[in-house]
Amino acid sequence: MILLGAPGAGKGTQAKLIAKKFQLAHIATGDLLRDSVAKETTLGVQAKEYMDKGELVPDQLVIDMIKERLTQSDALNGYILDGFPRTLQQAEKMIEVEDVDVVLNIDVDFNLLLERLTGRRSCSRCGEVFHIKYNPPTTENICDKCGAQLTQRADDKEEVIRNRLETYNNQTKPLIQFYKQRNILKNIRGSGTIEEIFENIVSALEEFK
Ligand code: AP5
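Reading the values: rules and limits
- Residues numbered from 1 in each chain as written.
- Predicted model: local features only at pLDDT ≥ 70, side-chain atom pairs only at ≥ 80, totals over all residues.
- Heavy atoms only, no water.
- Pairing = 2+ DSSP bridges.
- Helix = DSSP H or I, 4+ residues; strand = E, 2+ residues; numbered from the N terminus.
- Contact = heavy atoms within 4.5 Å.
- Axes fitted to C-alpha atoms, helices over the stretch in contact; angles between N-to-C directions.
- Buried < 20%, exposed > 50% of the residue type's maximum accessible area, 1.4 Å probe, protein only.
- Salt bridge = Lys/Arg side-chain N within 4 Å of Asp/Glu carboxyl O.
- Near = heavy atom within 4 Å.
- Polar contact = N/O pair within 3.5 Å; in protein donor to acceptor, adjacent residues only side chain to side chain.
- Areas by Shrake-Rupley, 256 points an atom, 1.4 Å probe, with all protein chains shown as cover.
- Nonpolar A, V, L, I, M, F, W, Y, C, P; charged D, E, K, R; others polar.
- Core = buried A, V, L, I, M, F, W, Y, C linked by side-chain atoms within 4.5 Å.
- Parallel < 35°, antiparallel > 145°, perpendicular 65-115°, else oblique.
- Left-handed = near helix turned anticlockwise from the far one by under 90°.

Peer 1: Tell me about the sheet that holds strand 7 (residues 150-151), and name the residues and values.
Peer 2: Pairing is antiparallel across the open sheet formed by 3 strands, whose spatial order is 6-5-7. Strand pairing shows two members of the sheet lacking a second neighbour, strand 6 (129-131) and strand 7, which therefore form its edges. Alignment of strand 5 (residues 120-123) against strand 7, held across 2 bridges, turns out to be antiparallel. Looking at strand 7, one finds that Cys123 is bridged to Leu150. The strands touched by helix 6 (residues 110-118) are strand 5 and strand 6; relative to strand 5, the strand with the most contacts, the crossing angle is about 40°.

As structure tokens, then:
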């Protein structure tokens, strides 16, 4: 399963819920890349330069990373891809590697995206995601799950967000048409509460079956 959507559409939030309900591995290229950046691996050092500017990491680096990730045992019983593919080249490569059953496109108004991204806070230890207004932690700036400090992602600054949204429009949005033509696309209205959107997704998946 693939989750498409603009930055801040709620892909990560929904992917976690879907993975839990359908017992799928949740594979998020953004998380894998941020982990590589934090560990200062060769990939991380190369990727950081692009991520800091809100640009896409070169296709080949991401394709190699995802191919390697898909060989891990938890991916063998099915997985949900969050943030991959993001270019036509990545999508074409993916088709060569594996069959895709369904693509969910979470559709959110531009104005909501900015508010969601500037208000996002992530746990520095376990990666749990919150929102200062829509999904606040019980204690300000402290993770409910593990008690560590919450931080703002480096690319959630307004000037970088604008670049990420432009990159999405130019390079990732064409994938909607790519999957529509293959009759595996489901559009999901991405406004509403996290729970409402999840219900829409579950209904769409039932219909699809
Ligand atoms: P990545 O980490 O994938 O970022 P993104 O696509 O920009 O998506 P986000 O993680 O920002 O948003 P999301 O849709 O997951 O929203 P979330 O659920 O967190 O990529 C980062 C960078 O890595 C890229 O810019 C690129 O450089 C590189 N990269 C990654 N993959 C790549 C690839 N394949 N090729 C090349 N480069 C790649 O929600 C956002 C906020 O809203 C949260 O605070 C959440 O709590 C809140 N929220 C969620 N749902 C709702 C709701 N219904 N109502 C109110 N608030 C909500």
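From this point, the narrative continues.
Peer 1: Break down the environment of Cys143 for me, with residues and values.
Peer 2: Along the chain, Cys143 falls in the loop between strand 6 and strand 7. Residue Cys143 is classed as buried on the basis of its relative accessible area of 3%. In the structure, Cys143 is positioned 28 residues away from Gln171 in sequence and 34 Å away in space, judged by C-alpha atoms. With residues near it in sequence (within four places) discarded, Cys143 still touches Cys123, Cys126, Glu128, Phe130, Ala148 and Leu150.

Peer 1: Run through the pattern of salt bridges, naming residues and quoting values.
Peer 2: A complete count under the given rule lists 13 salt bridges for this structure. Notably, a salt bridge pairs Asp156 with Arg120, separated by 2.8 Å at the nearest N-O pair. Residue Asp156 is found in the loop between strand 7 and helix 7 (158-172), and its partner Arg120 is found in strand 5; the two are separated by 36 residues along the sequence. One salt bridge in this structure joins Asp155 and Arg153, with 3.0 Å as the shortest N-O distance. In this structure Arg153 comes out as buried when scored by relative accessible area, which is 17%.

Peer 1: An account of the site of the ligand is requested, with residue identities and associated values reported.
Peer 2: In the vicinity of the ligand there are 36 residues, among which Thr13, Glu55, Arg86, Arg120 and Arg164 approach most closely. Within the backbone of Val57, an N or O atom sits 3.0 Å from a nitrogen atom of the ligand. Take Arg153: an N or O atom from its side chain is 3.0 Å from an oxygen atom of the ligand. Burial of the ligand by the protein chains amounts to 96% of its free accessible area of 1000 Å². Mapped onto the shell around the ligand, the elements with two or more residues apiece are helix 1 (11-22), helix 2 (29-39), helix 6, strand 6 and helix 9 (194-208). The dominant element in the shell around the ligand, judged by the number of residues it contributes, is helix 2, at 4 residues. Of the residues assigned to the shell around the ligand, the class counts are 15 nonpolar, 12 polar and 9 charged.

Peer 1: Tell me about the side chain of Thr29, and please be specific about residues and values.
Peer 2: When you line up the elements, Thr29 lands in helix 2. Here Gly83 takes part through its backbone oxygen, which lies 2.9 Å from a polar atom of the side chain of Thr29. Excluding its chain neighbours within four sequence positions, the residues that come into contact with Thr29 are Val62, Met65, Ile66, Asp82, Gly83, Phe84 and Arg86.

Peer 1: Describe the pairing of strand 5, and please don't skip the residues or the numbers.
Peer 2: In summary, the side chains of a regular strand alternate between the two faces of the sheet. The alternating pattern of strand 5 places Arg120 and Ser122 and Arg121 and Cys123 on opposite faces, both of which are buried. Two elements, strand 5 and strand 6, share 3 bridges in a ladder whose sense is antiparallel. Within the sheet, the bridge partner assigned to Arg120 lies in strand 6 and is His131. Hairpin remark: strand 5 followed by strand 6, antiparallel, with 5 residues in the connecting loop; positive phi at Gly127, about 85°.

Peer 1: Any details on the nonpolar core? Residues and values, ideally.
Peer 2: Of all hydrophobic cores here, the largest spans 54 residues; its most connected members are Ile18, Leu104 and Tyr179. With 6 residues, the top contributor of residues to this core is helix 9. Contacts of Leu104, omitting those with residues within four sequence positions, involve Met1, Ile2, Leu3, Leu4, Ile18, Lys186, Ile188, Ile201 and Leu205.

Peer 1: I'd like to hear about the packing of helix 6 against helix 7, residue by residue, with values.
Peer 2: Contact geometry for helix 6 and helix 7: axes closest at 11 Å, N-to-C directions at 135°. The angle between helix 6 and helix 7 falls in the class oblique. As for the relative orientation of helix 6 and helix 7, their crossing is right-handed in sense. From helix 6, Phe110, Leu113, Leu114, Leu117 and Thr118 reach across to helix 7, where they touch Glu158, Ile161, Arg162, Arg164 and Leu165. Residue composition of the contact of helix 6 with helix 7, by class: 6 nonpolar, 1 polar and 3 charged.

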